[in-house]
Amino acid sequence: MPSSTCATGLRVFPSAALALVLMSLPAVAVDKPQEQAVNRVVNTIDWGAANTAQADASKSDQRLIAAFIDTAPAGLDDVTLPVLILGTDAKVELPAFRGQENAYSAYYRLDGAQLSVMGARTLLAEVPGLSFKHEARTYEFTGDGADHMFSRFGGFYTLRITCDAPTEDVRCIEPGYLAELAQTVTVVKGAVQ
């Protein structure tokens, strides 16, 4: 028995000795990556053009806008850019909505797909280390759907669709579907509130 206790002590000692040596070394400072300031530029909005577009909306879109506002969309009054939603020509139900100061999202549930209209007033500028690996396009396939991007009134907008069957559903494969929907958007909020 005594020899097995001694043998066990010898096997444990090297790891204990190593731990003591490591603890006695001076602490080594590891530099944490410095958080770099992100320069977010707030774009100027052409409220005159947004107001004109809202006033020129069709009667059916005017009714749609009123029905949407009656749902008391969360954060609508906080959004500082023209809010665009799909108009009556899109033949969809009213969207779920979430808004904040410089951005919003209107969400639609479609048969076999989900669609969002997202708007933003800001863009990133001069971000150290940020580089784009491809040229941005109006239409981009995203793997489970597609994005259609455009700018209006000084705001930046994206129509995003995701499909349950993204490699089979024409809405997620062909750019024409989102391009046609982009033509139906109507201005809900045409002035700073």
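Below is a summary of the structure that appears in this document. Because the structure is predicted, anything quoted here is derived from the model rather than measured.

What counts, and where the lines are drawn
Residues numbered from 1 in each chain as written. Predicted model: local features only at pLDDT ≥ 70, side-chain atom pairs only at ≥ 80, totals over all residues. Heavy atoms only, no water. Helix = DSSP H or I, 4+ residues; strand = E, 2+ residues; numbered from the N terminus. Buried < 20%, exposed > 50% of the residue type's maximum accessible area, 1.4 Å probe, protein only. Contact = heavy atoms within 4.5 Å. Disulfide = S-S within 2.5 Å. Expected span 1.5 Å × (residues − 1). Arc of directions from axis to C-beta. Salt bridge = Lys/Arg side-chain N within 4 Å of Asp/Glu carboxyl O. Phe/Tyr/Trp six-rings, centres within 6.5 Å; stacked < 30°, edge-to-face > 60°. Pairing = 2+ DSSP bridges. Axes fitted to C-alpha atoms, helices over the stretch in contact; angles between N-to-C directions.

## Focus on the overall build of the chain
Thinking step 1. Helices and strands together make up the secondary structure of the chain, namely five helices and ten strands.
Thinking step 2. Taken across its 193 residues, the chain has 34% of its residues classed as buried.
Thinking step 3. In the chain, 61% of the contacts between residues at least 6 apart in sequence involve partners at least 24 apart.

## Remarks on the side chain of Gln-114
Thinking step 1. Looking at where Gln-114 falls in the secondary structure, it is placed in strand β5 (residues 113-120).
Thinking step 2. Relative accessible area serves as the criterion here: at 19%, Gln-114 is assigned to the buried category.

## Examining the state of the cysteines
Thinking step 1. By the definition in use, this model includes one disulfide.
Thinking step 2. A disulfide bridge connects Cys-163 with Cys-172, and the sulfur atoms are separated by 1.9 Å. Between Cys-163 and Cys-172, the disulfide has an S-S torsion of 90° and is therefore right-handed.
Thinking step 3. Residue class for Cys-163 comes out buried when judged on its relative accessible area of 7%.

## Observations concerning helix α3 (residues 59-70)
For an α-helix the count is 3.6 residues per turn, leaving residues at separations of three or four pointing the same way.
Thinking step 1. With twelve residues, α3 should cover 16 Å at 1.5 Å per step; its first-to-last C-alpha distance of 17 Å lies within 8% of that length.
Thinking step 2. Listed as buried for α3 are Asp-61, Leu-64, Ile-65 and Phe-68. Down the axis of α3, the buried set is contained in an arc of 100°. They therefore lie on one face. Among the exposed residues of α3, those oriented more than 90 degrees off its buried face are Lys-59, Arg-63 and Asp-70.
Thinking step 3. Looking at the buried residues of α3, the elements they touch are β2 (83-86), β3 (96-100) and β10 (185-189).

## A look at the pattern of salt bridges
Once their charged atoms are close, side chains differing in charge can pair, the charge on each being opposite to the other.
Thinking step 1. Per the stated rule, a full pass over the model turns up two salt bridges.
Thinking step 2. Linking Asp-147 and Arg-160 is a salt bridge whose minimum nitrogen-to-oxygen distance equals 2.7 Å. Taken together, the residues span a long stretch of sequence, with Asp-147 in strand β8 (residues 145-152) and Arg-160 in strand β9 (residues 155-163) at a distance of 13 residues.
Thinking step 3. A salt bridge links Asp-169 to Arg-171; the shortest N-O distance between them is 2.6 Å.
Thinking step 4. According to the relative accessible area criterion, Arg-171 is buried, its value standing at 18%.

## Some thoughts on the packing of aromatic side chains
Thinking step 1. Evaluation of the coordinates by the stated rule reveals four aromatic pairs.
Thinking step 2. Ring centres 5.6 Å apart and planes at 20° place the aromatic pair Phe-150 and Tyr-157 in the stacked group.
Thinking step 3. Taken together, the aromatic side chains of Phe-68, Phe-97, Tyr-104, Phe-150 and Tyr-157 make up a single cluster linked through ring pairs.

## Details of the sheet that holds strand β4 (residues 103-110)
Thinking step 1. Taken in spatial order, the six strands of this open sheet run β3-β4-β5-β9-β8-β7, and their pairing is antiparallel. Either end of the sheet is taken by a strand with one partner, and the two such strands are β3 and β7 (139-141). Going from strand to strand, the sheet's axes swing by 15° on average, the running direction of each strand aside.
Thinking step 2. Sheet analysis places β7 next to β8, joined by three bridges and oriented antiparallel.

## A look at unusual backbone geometry
Thinking step 1. For Ala-72, which is not glycine, the phi torsion reads 55° and is therefore positive.
Thinking step 2. Relative to the helices and strands, Ala-72 resides in the loop between α3 and β2.

## A closer look at the environment of Tyr-139
Thinking step 1. Along the chain, Tyr-139 turns up in strand β7.
Thinking step 2. On the basis of relative accessible area, Tyr-139 is assigned to the buried category, the value being 18%.
Thinking step 3. The spacing of Tyr-139 and Pro-175 is 36 residues in sequence and 6.4 Å in space, taken between C-alpha atoms.
Thinking step 4. Other than its neighbours up to four places away in sequence, Tyr-139 contacts Ala-146, Asp-147, Cys-172, Ile-173, Glu-174, Pro-175 and Leu-178.

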